[in-house]
Amino acid sequence: MSNSSKLGMIKVSNPKVWVVIGIGIASVLILAETQRRRRKRARFIRSEDFGAFVERFELLPFPQLPPPAARQCLLGLNFAIKDIFDVKEHVTGFGNPDWKRTHEAAEKTAVAVTALLKNGATCVGKTVMDELAFGLTGENKFYGTPINPLMPSHVPGGSSSGSAVAVAAELVDFALGTDTVGCIRIPAAICGILGFRPSHGSVSMIGVQPNSQSLDTVGWFARDPAILHNVGQSLLQLKQATHKRARRFIIADDLFQLSKVPQQKTVHVVKKVIEIFSDDSPKNLIFCQCIARDVPSLKGFYEESTNPKNGISILKALSSVMLSLQSYEFKTNHEEWVKSTKPKLGPGISNRVRAAVSSNFESIKSFYKVRTEMRSAIHSILKNDGILVIPTIADSPLKLNSKMSQASEFHDRAYALLSITSMSGCCQVSIPMGMHEGHPVAVSFIACHGEDKFLLDTVLDMYSSLQEQARIVSNSLPVPDTNGDMETSELLKEKGNAAFKGRQWNKAVSYYSEAINLNGSNATYYCNRAAAYLELGCFQQAEEDCNKAISFDKKNVKAYLRRGTARESLLYYKEAMQDFNHALVLEPQNKVASQAGKRLKKLIG
């Protein structure tokens, strides 16, 4: 008789059968409940630490030496480290499970981590990062995306996302990350905390997995400028020299055109504080004109016809060189591992890694030449007592799981600003400046290579005043427009038109502005001023003026065309396309709109 026949003869009335069935069902229910509780516990742990950590442990600080040894400057503080730093007897994950699976535990702890332990701090674990340090959003397919405490529905920024979140959520006093093409500055800005990228080569990278050695730096986050300063003192081995009080502040006017945050909340706040701390007024600079002039090697990476006033084209070329250099060095470091392991990677990271590994790079020497010339160009502007003021990022942070097209546009505009310091090797600090329309605002101070203490001292001196002025501006009401004499405003408009025809753009702006002060509801005045702003390369102001013009006159074709031009210059290609399409609806034969539409289709496609 077959086994199946024997099973068929089991009597279901037998009590033992029901006992066995009952035990089986109970086992399934117990297993399901156990798994449910594990998932619930995992969710609780994740919400408790904002998903910032991949591994928890404790590295105790070195003991305090007896007097006359100086007191440890980080005594009593705790910190977290990005999962890119080696810790003895722990496997460095580098943000990817396949990397962790194919590598052994570290034999030594990274030099930077040891320096912090020597100065009295306690390390409490490793944090989530973008895979292989190859991203800006902070999203990780395998370990989850840390929750941005300021905006839970938005990305935290990367690649040092977990470290930034751990600080912003007050889980630690400070945290270590790395910055290659913006991996400290972006998450600091998006999470509303301080982020410091030191001069290239000033902090030891021994025991840190490389992404691109020519761009990699160890950086750190803090909420308190005093802690930011003390961490710098430990990592940079700074001597207790006297503060350098004399400072020259230089505001990059053209770079603030890239930001959608009103200058009232950025430039004006900084200027107000500078009045307190400096005898000299801040200087204004068209930064991209200086780069176009002083970095001749960059000319091979943008069209000769490019107008230096259109700074985004210059910076786009600079960021293109930066990303090519990063990809070339990443390939040199990790091509063998990628090809032999064939790791599973998240979609965005996978594309970049595959592209880097499969590319045949040309003009390699010119990448390094641009980098050398950039450092020299910044030094000629700042010397050893200058601070360059720029926006940290241009856009509002991305929402979680944004479409690829939105992410691409965000990356393009972010890299344009981030490339300045990455390619010059200078030091930069991102400073939170409150909120605008529910999103954090941040400005950056940049100092010459090697002037890290000077920059840290500046932040320590000015931080509380910057925060106070930012609060005052946020709480103040906008000044309403005033209406004046109609005939006088028309006369001023005509003067503005004459100045415009004479190519006196600044004078034209001045006349149009006076007309607007007298009559703030005339669409033509705003539209004309937008045209002058476009000639000056002031694209954000041009866009704002066109917005005003359209609010008063929905059929103003020139306003749509000029806003489309401004948005295209700011790399908002889809919004620009909408403007040119709208102009075509109003004027189907408009050649400017038609040509612009074709051009933008190629850029978007």
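Just so it is clear, the model here is predicted, and its values are computed rather than measured.

Undergrad: Honestly, the side chain of serine 465 in this entry has me stumped. Any pointers?
TA: Note on placement: serine 465 falls in helix α15 (residues 452-475). Contacts of serine 465, omitting those with residues within four sequence positions, involve Val273 and Phe277.

Undergrad: I would appreciate a short explanation of the packing of aromatic side chains in the present structure.
TA: In the structure shown here, the tally under the stated rule is 10 aromatic pairs. Between phenylalanine 249 and phenylalanine 445 the ring centres are 6.0 Å apart and the planes differ by 65°, which places this aromatic pair in the edge-to-face class. On the criterion of sequence distance, the pair formed by phenylalanine 249 in strand β7 (residues 248-252) and phenylalanine 445 in strand β11 (residues 439-447) is long-range, its members being 196 residues apart. The class of phenylalanine 249 is buried, set by a relative accessible area of 3%. The class for phenylalanine 445 is buried, based on a relative accessible area of 0%. An aromatic cluster of at least three residues, connected via ring pairs, comprises Phe94, Trp99 and Trp337. Across the ring face of phenylalanine 53, the terminal group of arginine 56 is positioned such that the distance to the ring centre comes to 3.8 Å.

Undergrad: Would you mind going over the UniProt feature "repeat: TPR" (unreviewed entry) in the chain with me for this structure?
TA: Summarizing the sequence annotation, UniProt attributes the feature "repeat: TPR" (unreviewed entry) to residues 489-522, 523-556 and 557-590 in the numbering used throughout. As annotated, residues 489-522 has a helix share of 79% and a strand share of 0%, and its two end C-alpha atoms lie 10 Å apart. The span residues 523-556 is 82% helical and 0% strand by assignment, and the distance between its end C-alpha atoms comes to 8 Å.

Undergrad: Please explain the nonpolar core as it appears in this structure.
TA: One finds Leu255, Phe287, Leu298, Met374, Leu388, Ile420 and Met423 to be the most contacted residues of the largest nonpolar core, which totals 91 residues. The biggest single contributor to this core is helix α14 (residues 404-424), with nine residues. Both domains that meet at this core, namely domain 1 (47-475) and domain 2 (482-604), each give it at least three residues.

Undergrad: Just to check I follow, could you spell out the sheet that holds β11 for this structure?
TA: Strand pairing in a sheet takes place through backbone hydrogen bonds and is either antiparallel or parallel in direction. The sheet built from 11 strands is open, its strands ordered β1-β3-β2-β4-β6-β5-β10-β11-β9-β7-β8 with mixed pairing. Strands at the two margins of the open sheet, each flanked by one partner only, are β1 (53-59) and β8 (283-285). Across this sheet, the average inter-strand angle for adjacent strands is 25°, counted without regard to direction. With four bridges connecting them, strand β9 (residues 386-391) and β11 associate as antiparallel partners. Bridging across to β11, proline 391 finds its partner in valine 443. Its contacts with the sheet put helix α7 (residues 225-235) on β4 (174-179), β5 (194-197), β6 (217-222) and β10 (427-436), and the angle it makes with β6 is roughly 155°.

What counts, and at which threshold
Residues numbered from 1 in each chain as written. Predicted model: local features only at pLDDT ≥ 70, side-chain atom pairs only at ≥ 80, totals over all residues. Heavy atoms only, no water. Helix = DSSP H or I, 4+ residues; strand = E, 2+ residues; numbered from the N terminus. Contact = heavy atoms within 4.5 Å. Phe/Tyr/Trp six-rings, centres within 6.5 Å; stacked < 30°, edge-to-face > 60°. Buried < 20%, exposed > 50% of the residue type's maximum accessible area, 1.4 Å probe, protein only. Lys NZ or Arg CZ within 6 Å of the ring centre and 35° of its normal. UniProt positions renumbered as here; feature names shortened; annotations may be inferred. Core = buried A, V, L, I, M, F, W, Y, C linked by side-chain atoms within 4.5 Å. Domains from an automatic or database assignment. Pairing = 2+ DSSP bridges. Axes fitted to C-alpha atoms, helices over the stretch in contact; angles between N-to-C directions.

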